Amino acid sequence: MTGKARTTAKWLVLAATSVAVTVGFTAVGVPSAGLFAALVVGIALALTSFAPAGVPRRLATAAQGVLGVYIGTMVSQDAAAALGPDWPVVVAVAVATLLLSVLAGALLGLRRDITPLTGSLALTAGGASGLVAIARDLGGDERVVSVVQYLRVGVVTASMPLVVTLIFHADKSHPAASPLTDTAAAPWYLSVAIMVVLVLVGTVVGKLIRLPGAGLLGPLALTVALELSGYSFGLSVPVVLVQLGYLLIGWQAGLTFTRESLRSVGRALPAALALIVVLTVATAGLGVLLAHLTGLTLLEGYLATSPGGVYAVLATAVETGSNVTFIIAAQVVRILLMLFAAPFLAKGMAALSRRRAARRGDAAVTAHAVR
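Source: prediction; values computed, not measured.

Student: Help me understand the overall build of the protein in this model?
Tutor: For the protein, the helix and strand inventory stands at 15 helices and zero strands. Buried positions account for 48% of the 371 residues belonging to the protein. A total of about 17400 Å² of accessible surface is found on the protein, and carbon and sulfur atoms cover 69% of it.

Here it is, written out as structure tokens:
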């Protein structure tokens, strides 16, 4: 078999296996099933040395742009209006969640094999797929970020039904209507055309203004602006493109794994899991505060501040007859804040780490000279 044929065979095996696993994960309700499936399959093939060299840079950037537009379509004028006079409280709670995430990430970054930047990105409570997509661009270890981020999403999503049932004793006999079902979507070809423009313009402008993670955040910012201005024309990213974007981003992280890097991530998981549990409990406390200040029920406060699993939050809010529009608006504020603020905070922590390392180096040189 020639080298080109062997490479083609590797890509075909990777794609076919990833699609099959995605179908299985989707059937059992795994969040962002395509990304998680691609990550798992990519790791497995990388460890058996039957994996392609990696995702081409342009394809990875295109995938970031598609996800940026997709996340941006979660924003709506109705959701923004639902916050009403309570928006300062919602933003303050989101900022507190961000600060807790950064603190947890800094603690994870105390490990020798994880930098503070990687720790911060890994434990940022929001926008898991987006943060995995831009982790490499920001200088983080996307392998650690991907595994820890999906561990967070898995813990939050799996624990939510238990918390809702055992702690809040939620009544599911009067479900609410989902605000997402009434939205009129544009024809797919118009949506694709708008999306292509948003991805190209957002990425180029983002790079020109040196926006961290420009491939994701540029298109995301433009999409949010369109949605809030009312000129999105019913933009809706086709499911097949979203899933393809998830696959490419999952492969981008999974194909770089080695046996040593997998062992390194495995050693960090107990500490990461403990920090995720602490973060989840702390944000539940913020939910109690939010409920007290805004007149929500304790269940609605918990759902509005849940640090992950936005679609599980939506489903639970609908099932329990909660204030769905307010909850989703609060969740969107959290996700957008995390995606836009985390890259800047992470880069700041990286700069701080470099300064500390330089000082330690200068101190070591001075001590050696004295001797």
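Now, onward.
Student: Any chance you could explain a nonpolar patch on the surface here in plain terms?
Tutor: On the surface, Val 196, Val 197, Leu 200, Val 201, Val 204, Val 205, Leu 208, Ile 209 and Leu 222 cluster together to form a nonpolar patch covering roughly 800 Å² of accessible area. Among the elements that make up the nonpolar patch, the one with the highest residue count is helix α9 (residues 188-208) (seven residues).

Student: Hey, could you run me through the pattern of salt bridges in this one?
Tutor: As a working rule, side chains carrying opposite charge can pair if their charged atoms are close by. Evaluation of the coordinates by the stated rule reveals seven salt bridges. Its salt-bridge partner being Arg 57, residue Asp 137 comes within 3.0 Å of it at the nearest N-O pair. Here the residue Asp 137 occupies a position in the loop between α7 (128-134) and α8 (142-167), and Arg 57 occupies one in helix α3 (residues 57-72), the gap between them amounting to 80 residues. Among the residues examined, Arg 57 registers a relative accessible area of 54% and is labelled exposed. The partner of Arg 267 in a salt bridge is Asp 113, and the shortest N-O contact between them spans 4.0 Å.

Student: How do you make sense of the nonpolar core when you look at a structure like this?
Tutor: A general tendency of soluble globular proteins is for nonpolar side chains to be buried together. One finds Trp 251, Leu 303 and Leu 339 to be the most contacted residues of the largest nonpolar core, which totals 96 residues. When residues in this core are grouped by element, the largest group, eleven residues, is from helix α15 (residues 324-370). With residues up to four places along the chain from it excluded, the contact list for Trp 251 reads Trp 11, Leu 14, Ala 15, Ser 18, Ala 38 and Val 55. The next biggest cluster of nonpolar side chains, apart from the first, holds five residues, and it includes Leu 98, Val 102, Ala 341 and Met 349.

Student: Looking at this structure, I do not really get the confidence of the model for the protein. What am I missing?
Tutor: Low-confidence regions, as indicated by low pLDDT, have predicted coordinates that should not be scrutinised in detail. Confidence along the protein averages 87 in pLDDT terms, with 91% of residues attaining 70 or more. Mean pLDDT values over the elements of the protein span from 74, in α15, up to 94, in α9.

Student: Please clarify how the UniProt feature "transmembrane region" (unreviewed entry) in the protein should be interpreted in this entry.
Tutor: Sequence positions flagged by UniProt for "transmembrane region" (unreviewed entry) are, in local numbering, residues 12-30, 36-55, 62-83, 89-110, 147-168, 188-209, 269-293 and 324-346. Taken end to end, residues 36-55 is 60% helix and 0% strand, and its two terminal C-alpha atoms sit 16 Å from one another. Structurally, residues 147-168 is divided into 95% helix and 0% strand, and its ends, taken at the C-alpha atoms, are 30 Å apart.

Student: Honestly, the packing of α8 against helix α13 (residues 298-305) in this entry has me stumped. Any pointers?
Tutor: If you want to describe how two helices pack, look at the angle between their axes and the distance between the axes. Between α8 and α13, the least distance of the axes is 11 Å, while the angle of their chain directions is 170 degrees. Put simply, α8 runs roughly antiparallel to α13. Each of Met 160, Val 163 and Val 164 in α8 lies in contact with α13, whose residues at this interface are Leu 299, Tyr 302 and Leu 303.

Student: Is there a simple way to explain α9 in this structure?
Tutor: In an α-helix, one turn spans 3.6 residues; hence positions three or four apart end up facing the same way. For α9, which comprises 21 residues, the first-to-last C-alpha distance of 30 Å matches the rise-based estimate of 30 Å (1.5 Å per residue) to within 8%. Following α9 by one or two positions, Arg 210 adopts a phi angle in the positive range, close to 60 degrees.

Student: Looking at this structure, I do not really get the side chain of Ser 322. What am I missing?
Tutor: Among the structural elements, Ser 322 can be located in the loop between α14 (310-319) and α15. By relative accessible area, Ser 322 is classed as buried at 8%. At 2.8 Å, the side chain of Ser 322 and the side chain of Thr 320 are in polar contact.

Student: Please clarify how the packing of α8 against α14 should be interpreted in this entry.
Tutor: Taken N-terminus to C-terminus, the directions of α8 and α14 make an angle of 20 degrees; their axes are 9 Å apart at the nearest point. The angle between the axes of α8 and α14 places the two elements in the roughly parallel class. α14 is crossed by α8, and the crossing has right-handed handedness. Taking contact as the criterion, the partners of Thr 157, Met 160 and Val 164 in α8 are, on α14, Ala 312, Val 313 and Thr 316. Residues belonging to the contact of α8 with α14 are distributed by class as follows: four nonpolar, two polar and no charged.

Student: Hey, could you run me through helix α12 (residues 259-294) in this one?
Tutor: Its 36 residues give α12 an end-to-end C-alpha distance of 50 Å, which sits within 8% of 52 Å, the value for a rise of 1.5 Å per residue. At Leu 269, α12 shows its largest kink, close to 40 degrees, and the proline Pro 270 lies no more than four residues downstream. Gly 295 occupies a position one or two residues after α12 and carries a positive phi of about 85 degrees.

Student: How do you make sense of the packing of aromatic side chains when you look at a structure like this?
Tutor: Aromatic ring pairs are reported here in terms of the distance separating the ring centres and the angle at which the planes meet. A full pass over the atoms with the stated rule returns five aromatic pairs. Between Phe 168 and Tyr 302, the aromatic rings sit 5.4 Å apart at their centres with planes inclined by 35 degrees, giving tilted as the arrangement. Highlighted residues: Phe 168 in the loop between α8 and α9 and Tyr 302 in helix α13, separated in sequence by 134 residues. Aromatic pair Trp 188 and Tyr 189: ring centres 6.0 Å apart, planes at 80 degrees, arrangement edge-to-face. Here Trp 188 falls in the exposed class, since its relative accessible area comes to 62%. You can call Tyr 189 exposed: its relative accessible area is 53%. Cluster of aromatic residues (ring-pair linked, three or more members): Phe 25, Phe 36 and Tyr 150.

Student: What is the right way to look at unusual backbone geometry in this model?
Tutor: Most peptide bonds take the trans form, and the phi angle of most residues other than glycine is negative. We note that Ser 49 has phi near 60 degrees; this positive angle belongs to a residue other than glycine. Counting through the fold element by element, Ser 49 comes out in the loop between α2 (33-47) and α3. With a relative accessible area of 57%, Ser 49 lands in the exposed category. Positive phi is not limited to glycine here, since Phe 233 has a value of about 55 degrees. Within the element layout of this structure, Phe 233 appears in the loop between α10 (214-229) and α11 (239-254). Given a relative accessible area of 58%, Phe 233 falls into the exposed group.

So, how was this worked out
Residues numbered from 1 in each chain as written. Predicted model: local features only at pLDDT ≥ 70, side-chain atom pairs only at ≥ 80, totals over all residues. Heavy atoms only, no water. Helix = DSSP H or I, 4+ residues; strand = E, 2+ residues; numbered from the N terminus. Buried < 20%, exposed > 50% of the residue type's maximum accessible area, 1.4 Å probe, protein only. Areas by Shrake-Rupley, 256 points an atom, 1.4 Å probe, with all protein chains shown as cover. Patch = residues over 30% accessible without salt bridge, like charges linked within 9 Å, V, L, I, M, F, W, Y side chains within 5 Å. Salt bridge = Lys/Arg side-chain N within 4 Å of Asp/Glu carboxyl O. Core = buried A, V, L, I, M, F, W, Y, C linked by side-chain atoms within 4.5 Å. Contact = heavy atoms within 4.5 Å. pLDDT = per-residue confidence, 0-100. UniProt positions renumbered as here; feature names shortened; annotations may be inferred. Axes fitted to C-alpha atoms, helices over the stretch in contact; angles between N-to-C directions. Parallel < 35°, antiparallel > 145°, perpendicular 65-115°, else oblique. Expected span 1.5 Å × (residues − 1). Polar contact = N/O pair within 3.5 Å; in protein donor to acceptor, adjacent residues only side chain to side chain. Left-handed = near helix turned anticlockwise from the far one by under 90°. Nonpolar A, V, L, I, M, F, W, Y, C, P; charged D, E, K, R; others polar. Bend = angle between axes of the 7 residues up to and from the residue. Phe/Tyr/Trp six-rings, centres within 6.5 Å; stacked < 30°, edge-to-face > 60°.

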